[in-house]
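Chain residues, written in single-letter form:
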Amino acid sequence: MSLGFAMAYLSFLVLIPLSSVIFKSSSMGWTHFWAAAIAPRVLASYRLTIGASLAAAAINSVSGLLVAWVLARYEFPGRRFVDAVVDLPFALPTAVAGIALTSLYVGNGWLGRFLQPHGIEVAFKPLGIVVALAFVGFPFVVRSVQPILQDLDKGFEEAAASLGANSWQTFYRVIFPSIFPALLTGTALAFARALGEYGSVIFIAGNMPMHTEITSLLIISKLEQYDYAGATAIATVMLVASFILLLSINLLQARIRRHQEAGV
Amino acid sequence: MRVAISVPAQTPATRAKIANGGLLRVLLIGAAFLYLAFFLLLPLAVVFAQAFAKGAQAYFSAISDQETLSAVKLTFIAAGIAVPLNLLFGLASAWCITKFNFRGKNVLITLIDLPLAVSPVVSGLIFVLVFGLHGWFGKWLDAHNIQIIFAVPGIVLATAFVTVPFIARELIPFMQSQGTEEEEAAAVLGAGGWQIFFRVTLPNIKWSLLYGVILATSRAVGEFGAVSVVSGHIRGETTTLPLHAEILYNEYNFVAAFTAASLLTLLAVITLIVKKFVEWKTEHRNESAVLPEQA
């Protein structure tokens, strides 16, 4: 009975609505679909979204590794506080993050007034999009890497150190190879999240077509013009892209698990 | 007999080097603190600074504004329907995935995760395609005078969609690790299905259930993209708190916008605290559950 309820609920709430995207775009015919999916303005939004998401994921891979390392390896006052703060971007609604970041980075904002005189403009520029995406994706890398670092056998590091390796060599040759798969997973999750992100970006982006308009926003503006077919075509591309990405992440995670079990 | 050892013995100095790393350690902790302060805490602070920019009186009059109050109400209605529905679903799916064997189990698990892979905007779009005026059921709904899109039911549906995975995802791994032994014992002793559930299963899973509910509620209250598509932004009627903040912000009414945002921020901070508490509680309990076995 519980299985019946679960399946009925999922079909009604998830399967049927999601299939509507496929049906709608297949009813368009290939030529119309492609014309809508790869129009110049749409292509510009793909380039911007993918580029900004890659940049944000790259930033997160460095900052996330740093914070995961500090949390996993060091005892210091305020450690539990830092550990709790890491999840803030997950807990804070994206729209709140969006307006807060915007007001920080505009010309007279707390950070903007120091950056602007040096010619660094963040708000309403692609850089602002990167900042917002780096904010929302931050916890992924930390939470992927931290448990692996904690479980890492310190015996290897001690062995490396007593064999004369300096701390950089120990990190690069011994620790990094073991955490690399988790780092890659976390970075990929942050990237996947960034691709579909909407709320945190639209306030800081400026939303100029061809320049600072992300793909999610383009779907919304198509909808506002009642261009449902156009919106659906772009949505289909996004859906396929994120499914492929998450499938690869799942395969990666399965490999890590196998690897760990083999190691034990 | 003495054996020549080629590996030099650990000196106290190398031990200390590994233990704290000296200067490097201070630098790394400092860098982490700086990054978190500028990147995570500063946005939090600016919300309250902007909300109180014109004093406490402006803040409280913005809170007691009629439209803000109705946005708060709608937010709680949407979360109040979506979260209990997903609680039921999470329990039902986790129950049959972990306690029974059936074909297509992995398909079911994949389906539960699906909403996490869908962009918020697309999550809203799919409901427009199904229930919108030009959607599958649009004509029929219109003929019967039922409005779902640009009305409250659409907001509830979109909120329920984006929060489907949270509770089930917490319960499934936890219940898998628990196994079915206790339930089997209860069944042997003559307990019925409901009795087993309420007396054995529920007490065991209560913390991870609470954890999932916290995550789902936090997402339901703060959801923006999906709700934005189906809402229609009718002031005082179909605006949830995040949408209300957006409208005010776009009107350059910053004090009111950040006042609405500050309510959401407060909720986020409470979420983090409760979440940490539950994490601490379950770690605590897991330890005490492991200890007797070791003894």
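Refer to the structure printed above.
It should be emphasised that the depicted structure is a prediction, and the values quoted were computed from it without experimental measurement.

1. Observations regarding the packing of helix 10 (residues 181-188) of chain B against helix 11 (residues 193-222) of chain B
Residues and elements named next belong to chain B.
Then, in step 1: Remark: helix 10 packs on helix 11, axes separated minimally by 10 Å, with the N-to-C direction vectors making an angle of 140 degrees. Relative to helix 11, helix 10 is oriented oblique. The crossing of helix 10 and helix 11 is right-handed. The residues of helix 11 that touch helix 10, namely those facing E182, E183, A186 and A187, are I196, R199, V200 and T201.
Then, in step 2: Its residues placed into classes, the contact of helix 10 with helix 11 shows four nonpolar, one polar and three charged.

2. Here we look at the packing of helix 1 (residues 2-26) of chain A against helix 4 (residues 66-99) of chain B
Then, in step 1: Two numbers describe how helix 1 of chain A lies on helix 4 of chain B: the axes approach to 8 Å, and their chain directions differ by 125 degrees. It follows that helix 1 of chain A is oblique to helix 4 of chain B by the angle criterion. Of the two elements, helix 1 of chain A crosses helix 4 of chain B, and the hand of that crossing is left-handed. On helix 4 of chain B, the residues that touch S2, L3, F5, A6 and Y9 of chain A of helix 1 of chain A are F89, A92, S93, W95 and C96 of chain B.
Then, in step 2: Taken together, the residues that form the contact of helix 1 of chain A with helix 4 of chain B break down as eight nonpolar, two polar and no charged.

3. Looking at the interface of chain A and chain B
Then, in step 1: Between chain A and chain B, the contact holds 64 residues from the first and 68 residues from the second.
Then, in step 2: If one sorts the elements of the side of chain A that touches chain B by residue count, helix 1 of chain A sits on top with 14 residues.
Then, in step 3: A breakdown of the residues in the side of chain A that touches chain B according to their chemical character gives 48 nonpolar, twelve polar and four charged.

4. Considering unusual backbone geometry
A negative phi holds for most residues other than glycine; trans holds for most peptide bonds.
Then, in step 1: With a phi close to 60 degrees, Y226 of chain A is a non-glycine residue in the positive phi region.
Then, in step 2: Mapping Y226 of chain A onto the fold places it in the loop between helix 12 (215-224) and helix 13 (228-263).
Then, in step 3: For Y226 of chain A, a count of 12 C-beta atoms within 10 Å corresponds to the exposed category.
Then, in step 4: Although it is not a glycine, N145 of chain B sits at a positive phi angle of roughly 60 degrees.

Calculation criteria
- Residues numbered from 1 in each chain as written.
- Chains lettered and ligands numbered in written order.
- Predicted model: local features only at pLDDT ≥ 70, side-chain atom pairs only at ≥ 80, totals over all residues.
- Axes fitted to C-alpha atoms, helices over the stretch in contact; angles between N-to-C directions.
- Helix = DSSP H or I, 4+ residues; strand = E, 2+ residues; numbered from the N terminus.
- Parallel < 35°, antiparallel > 145°, perpendicular 65-115°, else oblique.
- Left-handed = near helix turned anticlockwise from the far one by under 90°.
- Contact = placed C-beta atoms within 7 Å.
- Nonpolar A, V, L, I, M, F, W, Y, C, P; charged D, E, K, R; others polar.
- Buried ≥ 20, exposed ≤ 12 C-beta atoms within 10 Å, placed from the backbone.

Honestly, it's all geometry; don't read function into it.
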